[in-house]
Amino acid sequence: DNNCDGVQDYAQETCTVPNGSCDDALELLNGVRAYGSTRGMTGTIADGCAPVGDRDVSFFFNLTEASDVVLDITARTSQDISVTITTDCGREDATTVCEAGRSFSVVNRAMPLGLYYVVVSSPAEIDFTIDAEILPADPGPPGDTCANYGTAVTDGTVTSISMLGARHDFNVSCWPD
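Residues numbered from 1 in each chain as written. Predicted model: local features only at pLDDT ≥ 70, side-chain atom pairs only at ≥ 80, totals over all residues. Heavy atoms only, no water.

A. Inspection of the packing of aromatic side chains at higher detail. Following the criterion strictly, the structure yields two aromatic pairs and no others. On the basis of an interplanar angle of 80° and a centroid distance of 6.1 Å, the ring pair of Phe-59 and Phe-128 is categorised as edge-to-face. Note that Phe-59 is positioned in strand 3 (residues 55-63) and Phe-128 in strand 9 (residues 127-136), a separation of 69 residues in sequence. Overall, Phe-59 belongs to the buried group, its relative accessible area being 1%. Residue classification places Phe-128 among the buried positions, given a relative accessible area of 1%. With centroids separated by 5.4 Å and ring planes inclined at 15°, the aromatic side chains of Phe-61 and Tyr-116 adopt a geometry described as stacked. Taken together, the positions of Phe-61 in strand 3 and Tyr-116 in strand 8 (residues 114-122) put the pair 55 residues apart, joining distant regions of the chain. (Phe/Tyr/Trp six-rings, centres within 6.5 Å; stacked < 30°, edge-to-face > 60°. Helix = DSSP H or I, 4+ residues; strand = E, 2+ residues; numbered from the N terminus. Buried < 20%, exposed > 50% of the residue type's maximum accessible area, 1.4 Å probe, protein only.)

In structure tokens form, the structure reads like this:
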């Protein structure tokens, strides 16, 4: 609220959004909530996740070393949004993560150093928040990723495993056939 009217500026119809293209991406800062909106935006960023024509805005973060990155995204409406993390904004083949929903987390362990773009898309004009958390790279507890699998389970045996510290941060497609 930069004019003291008690309304967040992105929620005001007259407020224009500055990050409607890859060149104008806003930086996501560790531990700082970012407010965003697709109000008045058009579908100009090819991201490989959202349907062509969805309204979109862009953000970025820069990792100076391998890091765990957690993005908590909350739409301030009943409409779903999609989030794309990419290493080359505007190129569909550079997409590393696609997620969608109303309120969700995107967790990436040990992301390599580099510049990453976050494209938020929706078919509707929506307001949303992104909370970014950038942490030292951590392989997680045993069994939390495909590269860090835990105890092998065989048919007919009972095995106890702990889910403490585990995150939903990998696709189950890594399981063997």
